[in-house]
Amino acid sequence: AQYATIAPKDKPTLVVSGFYARGNCGDESLLQCVCEAMQSDFEILISLDEHGAYQGYWDWYPYDRFDRVHQTDLGMFRWSEKYAGLLVGGGGLPFGFAAHQAVHARTYQAATALAGVDFSAMDGDPRLRGQAQRAAFALAARQYADLFDFRALRTRVAVESAAAHGV
């Protein structure tokens, strides 16, 4: 793998997780803004799904300046008191994105934030037409939302849909 060396740092680390390294202008811009805004206070660890990422993305800015890790490699995080928290966000990520990382962060009492994501109620999914299935979805959505100390959904429609499901 093409990972930067992840070593102990002097500043606490902020894990920034999203659908990065695809060349999507919006996602890449959001990542750059987060890195630039937070780098004076935190070490940044970019968490991305390398499956389908552009070959050579590690030479792009900001990937070439910050440590990075494949999203499903939880062992790479080495969560400790040095980790300030987890920021999941950017673009049109589905509600539920990076849930495994949020559970991991909460286990170690790191701060968590969810920003700029959509709330997919899956209303058109024929498997969720029954009352029991809708109730199960609403429960799962609330449990996911509760993993985050701060939540900011992407659109008014997402906020309204989440509220209709008890989030």
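Since this is a predicted model, take the numbers as computed values, not measurements. (Residues numbered from 1 in each chain as written. Predicted model: local features only at pLDDT ≥ 70, side-chain atom pairs only at ≥ 80, totals over all residues. Heavy atoms only, no water.)

**What about the sheet that holds strand E5 (residues 111-117)?**
Point 1. Taken in spatial order, the six strands make up an open sheet running E3-E2-E1-E4-E5-E6, and their pairing is parallel. Among the strands making up the open sheet, the edge pair consists of strand E3 (67-70) and strand E6 (150-153). For this sheet, the mean angle separating the axes of adjacent strands, direction not counted, is 20°. (Pairing = 2+ DSSP bridges. Helix = DSSP H or I, 4+ residues; strand = E, 2+ residues; numbered from the N terminus. Axes fitted to C-alpha atoms, helices over the stretch in contact; angles between N-to-C directions.)

**Regarding the packing of aromatic side chains**
Point 1. The final tally for this structure, using the stated rule, is six aromatic pairs.
Point 2. With a centroid separation of 5.6 Å and 45° between ring planes, the pair formed by Tyr54 and Trp60 is classed as tilted.
Point 3. In this structure Tyr54 comes out as partly exposed when scored by relative accessible area, which is 48%.
Point 4. A relative accessible area of 28% means that Trp60 is categorised as partly exposed.
Point 5. Taking 5.2 Å as the distance between ring centres and 70° as the angle between the ring planes, the aromatic pair formed by Tyr57 and Trp58 counts as edge-to-face.
Point 6. The exposure class assigned to Trp58 is buried, which follows from its relative accessible area of 19%.
Point 7. Taken together, the ring pairs in this structure connect Tyr54, Tyr57, Trp58, Trp60 and Tyr63 into an aromatic cluster.
Point 8. The aromatic ring of Phe19 is capped on one face by Arg22, whose charged end is 4.2 Å from the ring centroid. (Phe/Tyr/Trp six-rings, centres within 6.5 Å; stacked < 30°, edge-to-face > 60°. Buried < 20%, exposed > 50% of the residue type's maximum accessible area, 1.4 Å probe, protein only. Lys NZ or Arg CZ within 6 Å of the ring centre and 35° of its normal.)

**Regarding helix H1 (residues 25-38)**
Point 1. If you check H1, its first and last C-alpha atoms are 20 Å apart, about what 14 residues at 1.5 Å a residue would give, namely 20 Å.
Point 2. Among the residues of H1, those classed as buried are Asp27, Glu28, Leu31, Val34 and Cys35. Mapping the buried residues of H1 onto a view down its axis gives an arc of 125°, with all of them on the same face. Among the exposed residues of H1, those oriented more than 90 degrees off its buried face are Cys25, Cys33 and Ala37. (Expected span 1.5 Å × (residues − 1). Arc of directions from axis to C-beta.)

**What about the confidence of the model for the protein chain?**
Point 1. Mean pLDDT for the protein chain: 84, with 87% of residues reaching 70 or above.
Point 2. Confidence drops under a pLDDT of 50 for residues 1-5, and excluding neighbours within four residues, the segment shows 11 contacts in the predicted structure. (pLDDT = per-residue confidence, 0-100. Contact = heavy atoms within 4.5 Å.)

**Section: helix H3 (residues 131-145)**
Point 1. If you check H3, its first and last C-alpha atoms are 21 Å apart, about what 15 residues at 1.5 Å a residue would give, namely 21 Å.
Point 2. When H3 is considered as a whole, its buried residues turn out to be Phe137, Ala138, Ala141, Tyr144 and Ala145. Taken down its axis, H3 places every buried residue within 125° of arc, on the same side. Exposed and oriented more than 90 degrees from the buried face of H3 are Gln131 and Ala132.
Point 3. Each element contacted by the buried residues of H3 is listed here: strand E4 (83-89), helix H2 (99-107), E5 and E6.

**Some points on the state of the cysteines**
Point 1. Under the defined criterion, the tally for this structure stands at zero disulfides.
Point 2. Left without a disulfide partner, Cys33 is nearest to the cysteine sulfur of Cys35, which lies 9.5 Å away. (Disulfide = S-S within 2.5 Å.)

**Some details on the environment of Ala113**
Point 1. Inspection of the secondary structure assignment puts Ala113 in strand E5.
Point 2. The spatial distance from the C-alpha of Ala113 to the C-alpha of Leu147 is 8.7 Å, given a sequence separation of 34 residues.
Point 3. Sequence-distant contacts of Ala113, defined by excluding residues within four places in its chain, comprise Leu86, Leu87, Val88, Phe148 and Phe150.

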